[in-house]
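Per-entry structural report
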Amino acid sequence: MNNEELQTFLDSHGADPARWPGSQRAAVENLVASRAEARALFEQARRFDALLTGTTTHAADDDDAATARVLARLTALPPQKKPLWQWPSVLLDWQFAPAWPRMAALACCAAVGFVVGIAGVDRTLERYETSQMMMAQTDIGAIFEPEALTGARP
Amino acid sequence: MDDTDEALMARVARGDQPAFRVLARRHVPAMVGLARRILGNTADAEDVAQEAMLRVWTHAPRWQPVAAFRTWLTRVVVNLCLDRKRRAPWVDLEAAGEIVDRTPGAIEQMEADERERLLQNAIGKLPDRQRAAIVLTYKEGMTNAQVADILDTSVSAVETLLIRGKQNLRRALGGFIDEEG
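With that settled, consider unusual backbone geometry. Glycine aside, negative phi is the norm for most residues, and most peptide bonds take the trans geometry. Its identity as a non-glycine residue notwithstanding, Asp152(B) has a phi of 55°, on the positive side. The topology assignment puts Asp152(B) in the loop between α8 (144-151) and α9 (155-173).

So this is what it looks like as C-alpha cells:
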C-alpha cells in the first residue's frame, strides 16, 4: 500500500483502528508502525477526525431551545393514516361532524320527497294538468274541425 | 411496561398520544441536532424535526418493524434534509460571538468558536450527500454500513462520498487542520 492508497483508506474508514475492516487492519497497523510517512499520514487523519467529531456548547444550547419549541408544537396531532386492511373501520369511523348541517338538509329533502311520493300530492297536480290539457284540445278541435260533406247549402 | 421504541410505536399505531410524546421526548433532541448539522441552521432543523415526528404519528398504523425505529427515523430526517431546498445558513446572535474579552479563557473560547465556524462553513459548502455522509459518520458516530442503510446506497458509495467530502474539506480548510495538532 503506497501513501496515496493509505490516504484513501484513512479517508474512507477514518483514523480509528476499531472502525477499520478486519481483513486490512493488521496490514495498515504494520504499515503505520514501520514507515514514518505512513505514520505522519495517520497522525494527520487522526487530527482531522478529532476536528470533525468536535462539538460546541453554543450549538447544544440552540438545540435545547429548538427541541423545546418542537415538542410544544407537537400537541395538536393530525388524523393517522390507516392501512388498507383497516378500510372498513375507517369508513365506520368517518367524521361527519363538520358537515352535519349539510347532512341534515339532505336528510330533510329525502324525507319530504318520501312523504310527497307516499301521499300522492304530486298525482293530484298531475290529474289537474291532464284535464286542463284535454279541455284545451277539445276547443281547438271545434275551431279547426271541417264541416261534414252533406251536400246541403246554407 | 415495555417502553422500547418498537413497543411504543405499537401503541402509537393504536392512536396512543402519551406513547407518542414519550417517543418524541426521547428522539427529538437528537433529530434536531442531526438536522442542524446537515442543514446548517436551527430554524430549518426545527421544521424538519417537527415534520419527521408528525410523519411518525400519521404513518404509525402502517409502520412495519423491519428496521430499528431509530434507523427509520434517522432516514426520514436525512431524506427531509436532502429534499429541502438549500438555503443560505444564517448565524444567530449567540453563535456570532460577543464583545471581545481579553482574559485567557475567553480568547481560547473565541479561537474554538472561530475553528468551529470555519469547519461548519466548509461542511455547509459540501454537496448534499457528501455532507450527510460526513455528519452521519463523524457527528453521529455511525459505521459506513449504517450510513449506507440511511442513505439507501451501497457501502462503497458511502466510502466514495467520505473520500470526496474529506478531500473537499481539506482544500477548504487548508493548513487549518495541521494547526489543530
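Turning to a nonpolar patch on the surface, a few remarks are in order. Nonpolar side chains collect at one region of the surface, where Val112(A), Val116(A) and Val121(A) lie side by side and expose about 240 Å² of accessible area between them. Along the chain, the position of Val121(A) falls in helix α7 (residues 121-144).

The subject of this paragraph is the pattern of salt bridges. Summed over the entire model, instances satisfying the criterion amount to 16 salt bridges over all chains. The shortest N-O distance in the salt bridge between Lys166(B) and Asp49(A) comes to 3.2 Å. With Lys166(B) in helix α9 and Asp49(A) in helix α3 (residues 36-53), this pair bridges two chains. In this pair, the class of Lys166(B) matches that of Asp49(A), namely buried. One salt bridge connects Asp16(B) with Arg11(B), and the closest N-O pair in it is separated by 3.1 Å. A network of salt bridges, in which partner residues are shared, links Arg69(A), Arg73(A), Asp44(B), Glu46(B), Asp47(B) and Arg84(B).

All names here are of chain B. For chain B, the average pLDDT comes to 83, and 84% of its residues sit at 70 or higher. Per-residue pLDDT stays below 50 along residues 90-94; that stretch engages in 7 contacts with residues further than four places along the chain or on separate chains. Taken over the whole predicted complex, pTM reads 0.67, whereas the ipTM for its chain interfaces reads 0.74.

Bringing the nonpolar core into the picture now. Judged by nonpolar contacts, the single largest core of 59 residues is most densely connected at Met9(B), Val56(B), Val78(B) and Leu151(B). Looking at which element gives the most residues to this core, the answer is helix α2 (residues 17-39) of chain B, with 11 residues. Excluding residues within four positions of it along the chain, Met9(B) makes contact with Leu23(B), Val56(B), Ala60(B), Trp63(B), Phe69(B) and Trp72(B). In this structure, Leu6(A), Phe9(A), Val28(A) and Ala45(A) belong to the second largest nonpolar core, which totals 12 residues.

Residues and elements named next belong to chain B. Taking the largest bend as the criterion, α2 deviates by roughly 40°, centred on His-27, and proline Pro-29 comes between one and four positions later. N-capping of α2 is provided by Asp-16, with a side-chain oxygen placed 3.2 Å from the backbone N of Ala-19. Remark: Gly-40 follows α2 within two positions and exhibits a positive phi of approximately 90°.

Another aspect to go through is the interface of chain B and chain A. Contact with chain B, which involves 55 residues of that partner, is made by 37 residues of chain A. For the pair chain B and chain A, the summed buried area comes to about 4,100 Å², and 58% of that belongs to carbon and sulfur atoms. In this structure, Glu46(B) and Arg73(A) form a salt bridge, with 2.3 Å as the shortest nitrogen-oxygen distance. At the junction of chain B with chain A, the criterion picks out 14 residue pairs in polar contact (both at pLDDT 80 or more). Those elements that place two or more of their residues in the side of chain B that touches chain A are α1 (5-13), α2, α3 (42-59), α6 (104-124), α7 (128-139), α9 and α10 (176-180) of chain B. Counted by class, the side of chain B that touches chain A contains 24 nonpolar, 14 polar and 17 charged residues.

Rules used in this analysis
- Residues numbered from 1 in each chain as written.
- Chains lettered and ligands numbered in written order.
- Predicted model: local features only at pLDDT ≥ 70, side-chain atom pairs only at ≥ 80, totals over all residues.
- Heavy atoms only, no water.
- Helix = DSSP H or I, 4+ residues; strand = E, 2+ residues; numbered from the N terminus.
- Patch = residues over 30% accessible without salt bridge, like charges linked within 9 Å, V, L, I, M, F, W, Y side chains within 5 Å.
- Areas by Shrake-Rupley, 256 points an atom, 1.4 Å probe, with all protein chains shown as cover.
- Salt bridge = Lys/Arg side-chain N within 4 Å of Asp/Glu carboxyl O.
- Buried < 20%, exposed > 50% of the residue type's maximum accessible area, 1.4 Å probe, protein only.
- pLDDT = per-residue confidence, 0-100.
- Contact = heavy atoms within 4.5 Å.
- Core = buried A, V, L, I, M, F, W, Y, C linked by side-chain atoms within 4.5 Å.
- Bend = angle between axes of the 7 residues up to and from the residue.
- Polar contact = N/O pair within 3.5 Å; in protein donor to acceptor, adjacent residues only side chain to side chain.
- Buried area = accessible area lost by both parts, 1.4 Å probe.
- Nonpolar A, V, L, I, M, F, W, Y, C, P; charged D, E, K, R; others polar.

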